[in-house]
Amino acid sequence: MRWITSVTLTGTRVRMEPLDIERHWDGLHAIAMVPELWRYTLADVQNAADLRRYLDIAAKELEEGRSMPWVTIDLASGRVAGCTRFGTLDQHNRRVEIGWTWVGKDFQRTYVNTEAKYLMLRHAFEGLDCVRVELKANSKNERSRAAMERIGAKFEGTLRQHAVRDNGEWRDTVYYSILATEWGEVKGRLERMMGGWGP
C-alpha cells in the first residue's frame, strides 16, 4: 500500500490538484515559458518539449509512488499558478522533501506560494505524521533561501557540487528542514502571513 496517495489540498485561496498533464497542460505551459523560472533549477526548460519531458518525469514518479506532484490553482481566477511536489519520500523515517516548485510571474510574491506551502506542510505533519520535511535550493537562489527562512525552516548546511543541472553546470545545494516539533510555530507564522494578505 502506498504511503502517499493522490489527494487534492484545498485552502482559502489556492487548491493543490494532483498533476494531470492533459488537463493542466495549457495552464502550465502558459506560465512556464519564462527563462527566469528555471535559472536555478536542475531542469533546463526552454521550450514546450522540455516542459513536456519535465512533466512526464513527474507523472511517471507519481504513477510509481516516488513523488506527489501538484498543480497550484488560484481559486479567485481559476488559473494555474504553479507546480510543486513532495519528493524524496521516506516512509520508514517519516520524511518528505518539498521542492520542484515554480510559480508563474503573475503570482509571485502573492499569497499563492505561501498558502501552497502551508497546505503541503500541514498535510505532511498532520496527514502523513512526518517527523521531518526537507527543503533545498541552489545556493545562488537567494529568493528561495529567503522564502524558506521566512517561514521558519532551519538552515542545515551546503552540499558542494551536489548535483549537475541539465545544462552541465554543477550546483551547490543548500538544505533546510522543519521538524514536527517545530510545526506548531511554523504553522502559526504561516497563518499570520496568510492573514496579512487581506481578503
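The rules behind each value
Residues numbered from 1 in each chain as written. Predicted model: local features only at pLDDT ≥ 70, side-chain atom pairs only at ≥ 80, totals over all residues. Heavy atoms only, no water. Helix = DSSP H or I, 4+ residues; strand = E, 2+ residues; numbered from the N terminus. Contact = heavy atoms within 4.5 Å. Core = buried A, V, L, I, M, F, W, Y, C linked by side-chain atoms within 4.5 Å. Buried < 20%, exposed > 50% of the residue type's maximum accessible area, 1.4 Å probe, protein only. Polar contact = N/O pair within 3.5 Å; in protein donor to acceptor, adjacent residues only side chain to side chain. Pairing = 2+ DSSP bridges. Axes fitted to C-alpha atoms, helices over the stretch in contact; angles between N-to-C directions. Parallel < 35°, antiparallel > 145°, perpendicular 65-115°, else oblique. Left-handed = near helix turned anticlockwise from the far one by under 90°. Nonpolar A, V, L, I, M, F, W, Y, C, P; charged D, E, K, R; others polar. pLDDT = per-residue confidence, 0-100.

1. A word on the environment of Lys140
Working step 1: Within the secondary structure, Lys140 sits in the loop between β6 (132–138) and α4 (142–150).
Working step 2: Taking the C-alpha atoms as reference points, Lys140 and Tyr176, separated by 36 residues in sequence, lie 14 Å from one another.
Working step 3: Leave out the neighbours within four places in its chain, and Lys140 touches Tyr40 and Glu169.

2. A look at the nonpolar core
Working step 1: In terms of nonpolar packing, the biggest core is built from 37 residues, with Met16, Phe86, Val96, Leu121 and Ile178 touching the most fellow members.
Working step 2: Per-element tally for this core: the top contributor is helix α3 (residues 111–127), with 8 residues.
Working step 3: Apart from residues no more than four positions distant in its own chain, Met16 is found in contact with Val7, Thr8, Leu9, Trp70, Val71, Thr72, Thr84, Ala116, Leu119 and Met120.
Working step 4: Counting residues in hydrophobic clusters, the runner-up holds 19 residues, among them Leu19, Trp38, Val45 and Cys83.

3. Observations regarding the side chain of Glu134
Working step 1: Inspection of the secondary structure assignment puts Glu134 in strand β6.
Working step 2: A polar side-chain atom of Glu134 sits 2.8 Å from a polar atom in the side chain of Arg132.

4. Points about the sheet that holds strand β7 (residues 154–164)
Within a beta sheet, neighbouring strands are joined by backbone hydrogen bonds and run either parallel or antiparallel to one another.
Working step 1: If you walk across this open sheet you meet the 8 strands as β1-β2-β3-β4-β5-β6-β8-β7, and the pairing is mixed. Here the strands that pair on one side only, and so sit at the sheet edges, are β1 (9–10) and β7.
Working step 2: Taken together, the 7 bridges between β7 and strand β8 (residues 170–179) define a ladder with antiparallel strand orientation. Directly across from Lys154, in β8, lies its bridge partner Ser177.
Working step 3: Sitting on the sheet, helix α1 (residues 21–32) touches β2 (14–18), β3 (68–74), β4 (80–90) and β5 (95–103), and the angle it makes with β4 is about 105 degrees.

5. Some remarks on the packing of α3 against helix α5 (residues 183–195)
Working step 1: Interhelical geometry of α3 versus α5 gives an angle of 155 degrees and a closest axis separation of 10 Å. In terms of orientation, α3 and α5 fall into the roughly antiparallel class. Seen from above, α3 lies across α5 with left-handed handedness. Of the residues in α5, those touching α3 at Thr114, Glu115, Tyr118, Leu121, Arg122, Phe125 and Glu126 are Trp183, Val186, Lys187, Leu190, Glu191, Met193 and Met194.
Working step 2: Looking at side-chain class alone, the contact of α3 with α5 contains 8 nonpolar, 1 polar and 5 charged residues.

6. A word on the confidence of the model for the protein chain
Working step 1: On average, residues of the protein chain score 95 in pLDDT, and 97% of them are at 70 or above.
Working step 2: α4 is the least confidently modelled element of the protein chain, averaging 94 in pLDDT, while β3 averages 98, the highest of any element.

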